[in-house]
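Observations on chain architecture
Below are the chains, spelled out letter by letter.
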Amino acid sequence: MEYFMQDIPPGDFLPIFVSSAFVIIFGMAYAGFFTFVKIKVLPKYYIYVAYLSWFMLAACMYYLGTLLRVEPYTEKVLMGAMVGYLIFPHAVFFILQRLHEEFEPDSKN
Amino acid sequence: MWSSNARLYESQKIAVKYFTVAVALFGAQLLFGLIAAIQYLYPSFLFNTLDFSIARMVHINALVVWLLYAMIGSVYWLMPEETGIDVVGAKLANLAFYVLTAAVAVVVVVYIFVQVGPGNEMTTWLITEGREYIEAPRWADIGIVVVVLIFLGNVYATVIKAQKRTGIMTVLMADLLALAGLYLCGMFYTSNISVDQYWWWWVIHLWVEATWEVFVACVGGYMLMKTLGANRQVVEMWLWIEVAMMFGSGILGLGHHYFWIGTPEYWWEIGALFSALEPVPLVGLFVHVLYDWGKERGKGNNIKNTPAFAWLTVETFGNFLGAGVWGFMHTLPQINLYTHGTQWPAAHGHLAFFGAYAAILIGMFYMAVQGKHGIKEMRMSTATKWSISLITGGVLIMTVSLTLSAYVQTMVERGQFGATWEGYFISQAQVWFVQGLGWRLAAGLAVFVGFVLLVYDLITIAKKQKAVAAEAEAEAVPA
């Protein structure tokens with residue numbers, strides 16, 4: 001099925017700009033809180049704030065997709081990317097942790 | 001500006017020259033930006049003497065050229081430390097520096113005093129090619145290629161001759177080849193503007209969205225090791241992730257602009273998705289910086305150069321805000337249809353260029369000052385703090401002001417009037433639009449004051465550090 005880009009009503013401009021900014025801000029908050037907990041700057045229970053940020057990120061992305069009237073396939077791909085982003089900091093932290101242990105055996109941070 | 005009392009490699013002496021010209025061009029960029037900002041509010045200012053089109057052209061070309069000067073300087077600075085040997089062709093590198101600087105000076109003088117020509121081959125060859133961001137005339141274009149080939153030749157020959165090759169240098173070699181090669185795409189000239197713009201695209205957009213991002217990742221890695229003592233293996237491992245993601249997301253993410261040049265629609269969706277992923281490497285870099293900081297804090301591992309580290313921090317957040325938040329707000333194709341050509345790209349561009357590139361390269365100026373004067377631990381002076389605050393705060397306010405103007409423009413010109421000339425002029429007269437540009441000018445003045453303090457600091461900080469160190473030493477000696 002051919003898909004054509006839809007017109008966006010002027011009233012949707014502000015929610016689009018705000019939600020797209022929040023996509024990045026919540027994305028940063030997720031990675032930031034996750035990291036602060038992992039390096040023991042924040043208590044462990046702040047990990048819930050990290051995951052809440054990720055949830056807000058995914059919600060904002062979904063809302064943004066709706067406002068932009070993206071085609072259904074792209075909507076699914078965007079949500080898939082959000083799942084990937086949930087895993088991403090875990091993977092990076094895991095790799096960095098292993099690397100530190102390999103090159104600095106006394107490092108148990 | 002640079003008094004010599006520390007032993008430097010020839011390569012680093014060349015780097016200092018590049019940095020010095022970069023600072024001067026940075027000043028020119030800001031000055032012409034101020035003139036253009038005044039002309040936006042008061043169109044008769046310098047009318048028929050230095051028109052807006054020329055002030056804007058010098059403003060954005062000076063930006064690109066000073067960043068390239070600082071990038072070349074950064075490579076010449078870090079290369080001997082990364083390879084263990086001096087640059088192979090120092091004389092040739094020096095010659096190329098003087099040739100490039102003379103050419104840039106001639107081009108700028110022509111821009112200011114000649115400005116426009118009859119719009120034929122002569123204009124293209126001698127005045128300007130008219131391609132935004134890379135408007136050098138054809139003769140200078142060819143000269144730049146020669147100078148860059150000398151630079152590339154020096155980097156490759158030095159690394160090949162050296163016994164050791166670090167990950168940073170390996171990534172840099174690949175990145176510089178792509179960076180230099182892309183410039184050639186901007187040298188095509190066709191009478192079809194769509195085809196011409198297509199080729200132009202590859203230069204500036206793949207520069208900023210791929211090769212420059214990888215470049216600053218390399219320089220950032222070097223600075224993290226030098227200022228924080230970060231583990232090389234960790235930095236280099238992260239560098240490879242950065243390279244893979246930046247090339248992937250940066251190149252495919254370009255598709256979010258393609259509907260302007262008539263490519264198939266699937267490119268829009270590919271571009272939308274991958275441009276959304278562009279901030280991911282930036283978040284990764286942030287994770288890395290925090291991880292290393294958390295690991296090292298409390299172990300007596302002092303930051304070796306606090307001004308450079310402060311600018312690196314500005315880079316991390318500026319990159320995230322400018323390229324990430326402001327980029328994502330308006331670059332998805334569905335919304336870019338309405339924002340393209342308004343003040344949105346200006347808002348995004350000011351913070352992204354500053355955050356992603358200018359900040360880290362200013363940090364490299366401080367690395368060079370430290371190395372030049374042989375200072376083990378360099379601390380921020382009052383001027384450092386004021387210049388960082390004024391420049392960063394100024395750019396942030398400028399970005400927010402432009403965003404407010406852009407929002408009004410998008411709503412009125414594009415949303416209500418459907419991108420007509422009538423809509424354009426009505427939006428330009430909106431009170432919020434004009435007020436936003438007023439705040440932009442005020443913020444620009446703050447940035448310029450910050451720049452003056454930055455230059456003062458770069459000249460004096462080493463002397464002040466030595467005086468403080470000597471005083472402390474004198475106090476430590478028992479009477």
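What you see is a predicted model, and the numbers here were worked out from it, not measured in a lab. (Residues numbered from 1 in each chain as written. Chains lettered and ligands numbered in written order. Predicted model: local features only at pLDDT ≥ 70, side-chain atom pairs only at ≥ 80, totals over all residues. Heavy atoms only, no water.)

**Some details on the pattern of salt bridges**
All names here are of chain B. Note the cut-off: Salt bridge, as applied in this entry: a Lys or Arg side-chain nitrogen positioned within 4 Å of an Asp or Glu carboxyl oxygen. Under the scheme applied here, a residue whose accessible area is under 20% of the maximum for its type counts as buried, over 50% as exposed, and between as partly exposed, the area being computed with a 1.4 Å probe on protein chains only.
Summed over all chains, the structure comprises 11 salt bridges over all chains. When the shortest N-O distance is used, the salt bridge between Glu 129 and Arg 131 registers 3.5 Å. On the basis of relative accessibility, which here comes to 9%, the residue Glu 129 falls in the buried class. Overall, the relative accessible area of 2% leaves Arg 131 in the buried class. Note that Glu 413 and Arg 414 form a salt bridge whose closest N and O atoms lie 3.0 Å from each other. Note on Glu 413: relative accessible area 5%, which makes it buried. Within the structure, one salt-bridge network assembled from shared partners comprises Glu 129, Arg 131, Arg 138 and Asp 196.

**With respect to the environment of Val87(B)**
Heads up, the rule is: Each helix corresponds to a stretch of at least 4 residues labelled H or I by DSSP, and each strand to a stretch of at least 2 residues labelled E; elements are numbered beginning at the N terminus.
Assignment of secondary structure puts Val87(B) in the loop between helix H2 (52–83) and helix H3 (90–113). Sequence separation between Val87(B) and Gly221(B) is 134 residues; the distance between their C-alpha atoms is 21 Å.

**Brief notes about a nonpolar patch on the surface**
All names here are of chain B. What counts is decided by this rule: In this scheme, patches are assembled from residues that exceed 30% relative accessible area and form no salt bridge. Like charges are connected within 9 Å, while nonpolar side chains (Val, Leu, Ile, Met, Phe, Trp, Tyr) are connected within 5 Å. Every accessible area reported is derived by Shrake-Rupley at a probe size of 1.4 Å, with residue values counting cover from the shown protein chains alone.
A cluster of nonpolar side chains, contributed by Val 106, Met 122, Trp 125, Leu 126, Trp 139, Ile 142 and Val 146, occupies part of the molecular surface with about 600 Å² of accessible area. Going through the elements one at a time, helix H4 (121–126) and helix H5 (138–161) are the ones with two or more residues in the nonpolar patch. Topologically, Met 122 is positioned in helix H4. A relative accessible area of 39% means that Met 122 is categorised as partly exposed.

**Re the confidence of the model for chain A**
The predicted coordinates of low-pLDDT regions are not to be read in fine detail. Note the threshold: A residue's pLDDT is simply how confident the predictor is in it, with values from 0 to 100.
When pLDDT is averaged along chain A, the result is 85, and 89% of the positions lie at 70 or above. The least confident element of chain A, judged by mean pLDDT, is helix H3 (residues 72–103) of chain A at 83; the most confident is helix H2 (residues 47–68) of chain A at 94.

**Comments concerning helix H13 (residues 343–373) of chain B**
Residue and element names in this part refer to chain B. Keep this limit in mind: Helices are assigned an expected span. That span is 1.5 Å times one less than the residue count. Fitting axes to the seven residues that end at a residue and to the seven that start at it, the angle between those axes gives the bend at that residue. Think of a polar contact as two N or O atoms within 3.5 Å of one another; within protein, one of them needs to be a possible hydrogen donor and the other a possible acceptor, and neighboring residues in sequence only count if both atoms come from side chains.
Under the 1.5 Å per step criterion, the end-to-end length of H13 is 43 Å for 31 residues, consistent within 8% with the ideal 45 Å. Along H13, the sharpest change in direction is near 40 degrees and occurs at Phe 354. Taking burial as the measure, the 31 residues of H13 include 27 buried ones, the bulk of the element. The N-cap of H13, judged by a side-chain oxygen 3.1 Å from the amide nitrogen of Trp 344 a few residues on, is Thr 342. One or two positions beyond H13, positive phi appears at Gly 374, with a value near 60 degrees.

**Some points on the nonpolar core**
Definition in use: Buried residues of nine kinds, namely Ala, Val, Leu, Ile, Met, Phe, Trp, Tyr and Cys, make up a nonpolar core once their side-chain atoms join them within 4.5 Å.
Within the largest apolar cluster, 160 residues are counted, with the highest numbers of intra-cluster contacts made by Trp66(B), Tyr76(B), Trp207(B) and Trp212(B). Core analysis: the next-biggest nonpolar cluster, separate from the first, contains 12 residues, Phe32(B), Ala36(B), Val58(B) and Ala140(B) among them.

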